[in-house]
Amino acid sequence: FSSGRRGQLLRKTMVLIPFIITVVLLIGLYAIYLQLRLLKNKDLGFSPANLLVIQNTDLYDSTRARRINTFKSELGKIAGVERVTYTSFIPGQFIIPYANSVQRIGAAKEDVNQYRYFEIDEHFVETLGLTLLAGNSFGPAAVPDKEVLINETACKLLGFSLAEEAVNQKAFFRDDTVMIRGVIRDYHHESPKSQIQPVFYIYNPNRGNYYTAKLEATSQQIKQQIDQLFTTIFPGQTARSYALTDKFNSQYASDERLYKIITIFTGVLLVITCTGLFSLASFTAKFRMKEIGIRKVLGATSGDAALLLVKEYVLIVLIALAVGIPIA
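*Asks:* Explanation requested: the pairing of strand 9 (residues 199-203) in the structure shown.
*Replies:* On a regular strand, one side chain projects to one face of the sheet and the next to the other, so that they alternate. Most of strand 9 sits out of view: 5 of its 5 residues are buried. Of the two faces of strand 9, the one carrying Val 199, Tyr 201 and Tyr 203 and the one carrying Phe 200 and Ile 202 are both buried. When strand 4 (residues 113-120) meets strand 9, the two strands line up parallel, connected through 5 bridges. Its bridge partner being in strand 9, Phe 118 is matched across the sheet by Tyr 201. One ladder, built from 3 bridges, connects strand 6 (residues 147-151) with strand 9; its direction is antiparallel.

*Asks:* Just checking my understanding: could you explain the packing of aromatic side chains for this structure?
*Replies:* Evaluated as defined, the whole model comprises 18 aromatic pairs. When the ring of Phe 46 is compared with that of Phe 248, the centres are 5.9 Å apart and the planes differ by 70 degrees; the resulting orientation is edge-to-face. With Phe 46 in the loop between helix 1 (5-41) and strand 1 (51-55) and Phe 248 in helix 7 (residues 244-249), this residue pair connects regions lying 202 residues apart in the sequence. Taking relative accessible area as the criterion, Phe 46 reaches 6% and is therefore assigned buried. Chaining the aromatic ring pairs together yields one cluster made of Phe 46, Phe 89, Phe 118, Phe 124, Tyr 187, Tyr 201, Phe 248 and Tyr 252. The ring of Phe 160 has Arg 104 lying over it, and the distance from NZ or CZ to the ring centre is 4.0 Å.

*Asks:* What is the right way to look at the pairing of strand 8 (residues 176-184) in this model?
*Replies:* In the sheet, strand 5 (residues 132-135) pairs with strand 8 via 3 bridges, with the strands oriented antiparallel. The residue of strand 8 that forms the bridge with Leu 132 is Ile 184. Bridge count between strand 6 and strand 8: 5 bridges; the pairing is parallel. Considered in strand 8, the bridge of Ile 150 is made with Val 183. Between the antiparallel neighbours strand 7 (residues 170-173) and strand 8 lie 2 residues, among them Arg 174 with a positive phi of about 50 degrees.

*Asks:* Looking at this model, I keep getting lost on the environment of Phe 89. Mind explaining?
*Replies:* As for its placement among the helices and strands, Phe 89 is situated in the loop between strand 2 (81-87) and strand 3 (98-104). Setting aside chain neighbours within four positions, we find Phe 89 in contact with Phe 94, Ile 95, Ile 96, Pro 97, Phe 118, His 189 and Tyr 210.

*Asks:* Is there a simple way to explain the nonpolar core in this structure?
*Replies:* A general trend in soluble globular proteins is that nonpolar side chains are found buried together. Ranked by internal contacts, the top residues of the largest apolar core, which has 32 residues, are Phe 46, Phe 118, Phe 124, Leu 130, Ile 184, Tyr 187 and Tyr 201. Looking at this core, the elements that each hand over two or more residues are helix 1, strand 1, strand 4, helix 3 (124-128), strand 9, helix 7 and helix 8 (253-287). The dominant element in this core, judged by the number of residues it contributes, is helix 1, at 5 residues. One finds Val 148, Leu 158, Ala 171 and Ile 180 within the second-largest nonpolar core, a separate group that totals 21 residues.

*Asks:* So what exactly am I meant to see when it comes to the packing of helix 2 (residues 64-75) against helix 6 (residues 220-233) here?
*Replies:* When two helices pack together, you describe them by how their axes are tilted relative to each other and by the distance separating the axes. Their axes nearest at 10 Å, the elements helix 2 and helix 6 cross at an angle of 155 degrees. Accordingly, the angle class assigned to the pair helix 2 and helix 6 is roughly antiparallel. The hand of the helix 2/helix 6 crossing is right-handed. Of helix 6, the residues touching helix 2 (which contributes Arg 67, Thr 70, Phe 71, Glu 74 and Leu 75) are Ile 226, Leu 229, Phe 230 and Ile 233. Residues that form the contact of helix 2 with helix 6 fall into these classes: 6 nonpolar, 1 polar and 2 charged.

*Asks:* I tried to follow the sheet that holds strand 11 (residues 241-243) on my own but got confused; where do I start?
*Replies:* Neighbouring strands of a sheet are bound in pairs by backbone hydrogen bonds; such pairs are parallel or else antiparallel. If you walk across this open sheet you meet the 4 strands as 2-10-1-11, and the pairing is antiparallel. Of all strands in the sheet, those with a lone pairing partner are strand 2 and strand 11, marking the two edges. Direction aside, neighbouring strands of the sheet carry axes that sit 25 degrees apart on average. With 5 bridges joining them, strand 1 and strand 10 (residues 210-215) adopt antiparallel strand pairing. If you follow Gln 55 over to strand 10, its bridge partner there is Tyr 210. Sheet strands touched by helix 2: strand 1, strand 2 and strand 10. Its angle to strand 10, the strand with the most contacts, is close to 5 degrees. Packing of helix 6 onto the sheet brings it into contact with strand 1, strand 2, strand 10 and strand 11, and relative to strand 1 it is tilted by some 20 degrees.

What counts, and where the lines are drawn
- Residues numbered from 1 in each chain as written.
- Predicted model: local features only at pLDDT ≥ 70, side-chain atom pairs only at ≥ 80, totals over all residues.
- Heavy atoms only, no water.
- Buried < 20%, exposed > 50% of the residue type's maximum accessible area, 1.4 Å probe, protein only.
- Helix = DSSP H or I, 4+ residues; strand = E, 2+ residues; numbered from the N terminus.
- Pairing = 2+ DSSP bridges.
- Phe/Tyr/Trp six-rings, centres within 6.5 Å; stacked < 30°, edge-to-face > 60°.
- Lys NZ or Arg CZ within 6 Å of the ring centre and 35° of its normal.
- Contact = heavy atoms within 4.5 Å.
- Core = buried A, V, L, I, M, F, W, Y, C linked by side-chain atoms within 4.5 Å.
- Axes fitted to C-alpha atoms, helices over the stretch in contact; angles between N-to-C directions.
- Parallel < 35°, antiparallel > 145°, perpendicular 65-115°, else oblique.
- Left-handed = near helix turned anticlockwise from the far one by under 90°.
- Nonpolar A, V, L, I, M, F, W, Y, C, P; charged D, E, K, R; others polar.

In structure tokens, the structure reads:
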């Protein structure tokens, strides 16, 4: 059986199958690498670089509102801090609130849809580096919960063909009427894997969960100053600050974990497969020693003998590629 055709076929098949699996895994691994690179290098529609997020205090008492305003004001005075915004959600977070039965004033009764929303202040657009397609951000006389910005997707869903048409128009939202002050160019609030949702950005500078500071440059010293300011204004509270880039990239943790698992699995399989190929070559060479000796006597070179042994294994690899590539 060891020297017969059936034995040879079985041995080659046992090497061929792992090779096919390895080819599929290697191509899959490369595809995941390209996807991860795309996710991290894709234009998000805003720049998370040099943005530091400070989570709001857990302190709930009569001084909360005053302390929040004091912290925002003092935070903007720290050297190296360009802008500060106060919002209920930050990029990289799933926007939880939904508003149903939203429609523009004057639209047909059946023309209603569902929208996400969260609260922002007047510095949101500038701090995150977003682009306003039409209109303006909130002015000094803006009325909380009565004025909103919307994104491009929400603008289209409301039935406006151009962003300019939506400016200063009213919409029925959360059992009330709100004024649309501007339209923000769509940006990836969540991972680029997620579809961009229609969003209402409600003006309310006193309702939020996060402060986002735009820094001139990433600096551990500035971060320490901000953390110290937080603990001074909110005694007994622990400062929780982190780079927005880290928060946003944490959405890719499962993809990176999958990439590592497949990398390890592919590496192990590749070692096993190559060991099998080497073993098969050694086993075959042992049974062909006499044939090689005769060929040498008849004038064959060492290169000819090596080629004789190698070509059938090269064929196995080529077959593995031919089968594995279409599968991948």
